[in-house]
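Residues per chain, in single letters:
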Amino acid sequence: MEGLSINYIDSTNEDVVVTYTPSSLVTSYSYRVIKNNEYSNPISISSNTPVDISFNETGIYRIEITNTDYNGVSSVLTSGEYKIDKEAPVINIQEKTYQITNKEEFNVMNGITASDIVDGDLTNSITTNKDTLDFSVEGIKKLEYTVSDKAGNTTKELVYITVKQDNTNIIKIGQLGIVVVLLFIIMFVNKYIRSIKLEKRFSKYTINSSKNKSISLFDNLYNQYMDFINKMSKVIGKSEFIKKRAKKYDKYKESFDIEENNINFISKKIVLGFVYVMFAIVVKLIQAELAKPFEMLIPFILGYYTLDLIYMYKYIKYKKKIENDMLEAITVMNNAFKAGMSITQAVDLVAKELDGPIAKEFSKISMEISLGLDIETAFKRFADRINLSEAIYLTSSLSVLNKTGGNIIKVFDSIEKTIFNRKKLENEFKALTSSSKLIMYVLIVVPIVFVLFISLINKDYFKVLFENPLGIILLIIMLIIYITYIIVVRKVMRVRGIK
């Protein structure tokens, strides 16, 4: 059109300025802009001076000009289209993460579309970097989608594709193995039950030998298990490191009267760790997946330390019972001294009058004294086994009395009064800090419950923490912070001198 500096623009992402210069015959004119087929209000110019019309927003524009000449005759002129596109196209992706096997065909354009406000559907213009990716190799692949419109606006989107090893055959073999083992166990148990029933049916017609040395199925399995543990202990017992580690189980043997080689504790822990690993592998096979190294390492660690937790719990409970009964034992000994009994007789009296762990420990002291150990050594062994402040206090007092002499009744009155006041103070402290300890335990348990609850709702929610290197680092940092928090809170809640 004559008079317009630009008649039309196909598509651009820049600002556009159109200059209209009327001819010398035009005395006045008006113009209005048509944006996306919507007319704006006309703007009148009462002379024939040029005017600049600018477009700086996304849209399809046209200009309509009405000229008036000297004779008062009007004429309407319309420009071509000016396509202004400043908005980037949109790539519609259904999923941002995928998991495939290295033998699986992956259609990179499945469910992927692109659109633009001005240009409309741009799906066919999408390009990817699929040619640079090798989907036959395990790992996380970054698939990049790129699309550009006519104006030059470009959009990029990333899709993360995790390529895993195709373990379908291995999983099927593992699942078949589980079925075979289960069938074997069912057949074995069924055969055993039938043999028991037959034995009961024929037992009334037969006479059992008095020298019958047959053992039950479970006793037989246990004996085989212990034979394996003993053989394993002979192998690992050659290591000096294992021997040193096994010495810490002496306190459990002495406390619970366990007549077993210390190395057997380590062997049982290793076997239990592998049992946990086998259980984890079976669970993953049922889920049609193969267990990853960390998914086997964690169950092994849990299984390895399960016996430690069990024995530690039993030992703490054992010590707590002795601690609670210690005052009663000292009271009995003090009454025995007042009745004119000796230390040995007082120890025997505690072993007979009381029951539970305290009676058991004093029976050991009595037996050691009868076997030739002096009183000081016997009580020192008792204090080393139990490692309680009350036991150490009692042992030290008897040691001083044994070396220097003195009024044993007054000494035991003082011991009894001291332990009684200590117990009273400890109970008062527990009453005062019970609410704070409850809050501490709740704060410790809440994160674990929260993680379990979220995992039940969405099992894949925390998967990125285990599959991404950065996620593993963050997980380790969170565990360190959590463990540090527990240690700090426990130290804050602890008062020195009171357990």
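Residues numbered from 1 in each chain as written. Predicted model: local features only at pLDDT ≥ 70, side-chain atom pairs only at ≥ 80, totals over all residues. Heavy atoms only, no water.

**Quick look at the overall build of the protein chain**
Per the secondary structure count, the protein chain includes 13 helices and 16 strands. Within the protein chain, the fraction of its 499 residues that count as buried is 32%. Sequence separation of at least 24 residues holds for 59% of the intrachain contacts in the protein chain that already meet a minimum separation of 6. When the accessible surface of the protein chain is split by element, carbon and sulfur atoms take 60% of a total near 32,400 Å². Distance between charge centroids for the protein chain: 17 Å, based on 63 positive and 55 negative side chains. (Helix = DSSP H or I, 4+ residues; strand = E, 2+ residues; numbered from the N terminus. Buried < 20%, exposed > 50% of the residue type's maximum accessible area, 1.4 Å probe, protein only. Contact = heavy atoms within 4.5 Å. Areas by Shrake-Rupley, 256 points an atom, 1.4 Å probe, with all protein chains shown as cover. Lys, Arg positive; Asp, Glu negative; His and termini not counted. Charge placed at Lys NZ, Arg CZ, Asp CG, Glu CD.)

**What about the nonpolar core?**
Within the largest apolar cluster, 32 residues are counted, with the highest numbers of intra-cluster contacts made by Met326, Met333, Phe362, Ile365, Phe379, Phe382 and Phe412. Counting residues per element, this core draws most heavily on helix 6 (residues 293-338), at nine residues. Residues in contact with isoleucine 365, not counting those within four places in the same chain, are Val347, Ala378, Phe379, Phe382 and Arg385. Counting 18 residues, the second largest nonpolar core, distinct from the first, contains Ile9, Val16, Tyr29 and Ile63. (Core = buried A, V, L, I, M, F, W, Y, C linked by side-chain atoms within 4.5 Å.)

**Quick look at the environment of serine 75**
Looking at the element boundaries, serine 75 is found in strand 8 (residues 74-78). With a relative accessible area of 36%, serine 75 lands in the partly exposed category. Residues serine 75 and threonine 331, spaced 256 residues apart in sequence, show a C-alpha to C-alpha distance of 123 Å. Every residue in contact with serine 75, bar those within four places of it in the chain, is listed here: Ile65, Thr66 and Asn67.

**Focus: the environment of phenylalanine 382**
Topologically, phenylalanine 382 is positioned in helix 9 (residues 375-386). Between the C-alpha atoms of phenylalanine 382 and phenylalanine 362, which are 20 residues apart in sequence, the distance is 8.4 Å. Contacts of phenylalanine 382, omitting those with residues within four sequence positions, involve Met326, Glu361, Phe362, Ile365 and Ala391.

**Some points on the sheet that holds strand 13 (residues 120-121)**
The strand order across the open sheet built from three strands is 10-12-13, with neighbouring strands paired in antiparallel fashion. If you trace the sheet from one side to the other, it starts and ends with strand 10 (90-92) and strand 13, each paired once. Of the strand pairs in this sheet, strand 12 (residues 113-116) and strand 13 are connected by two bridges, and their pairing is antiparallel. The residue of strand 13 that forms the bridge with aspartate 116 is glycine 120. (Pairing = 2+ DSSP bridges.)

**Topic: the pairing of strand 15 (residues 139-148)**
Summarising the sheet, strand 14 (residues 127-128) and strand 15 pair through two bridges and their orientation is antiparallel. When the sheet's bridge partners are listed, threonine 128 is paired in strand 15 with tyrosine 145. With 10 bridges joining them, strand 15 and strand 16 (residues 154-164) adopt antiparallel strand pairing. Bridged to valine 147 within strand 16 is threonine 155. Adjacent in sequence and paired antiparallel, strand 15 and strand 16 are bridged by five residues, among which glycine 152 carries a positive phi angle near 100°.

**Digging into the sheet that holds strand 11 (residues 97-101)**
Taken in spatial order, the four strands make up an open sheet running 11-16-15-14, and their pairing is mixed. Looking at the sheet topology across the chains shown, the edges are occupied by strand 11 and strand 14. Taken together, the five bridges between strand 11 and strand 16 define a ladder with parallel strand orientation. Following the sheet pairing, threonine 97 is matched in strand 16 by tyrosine 160.

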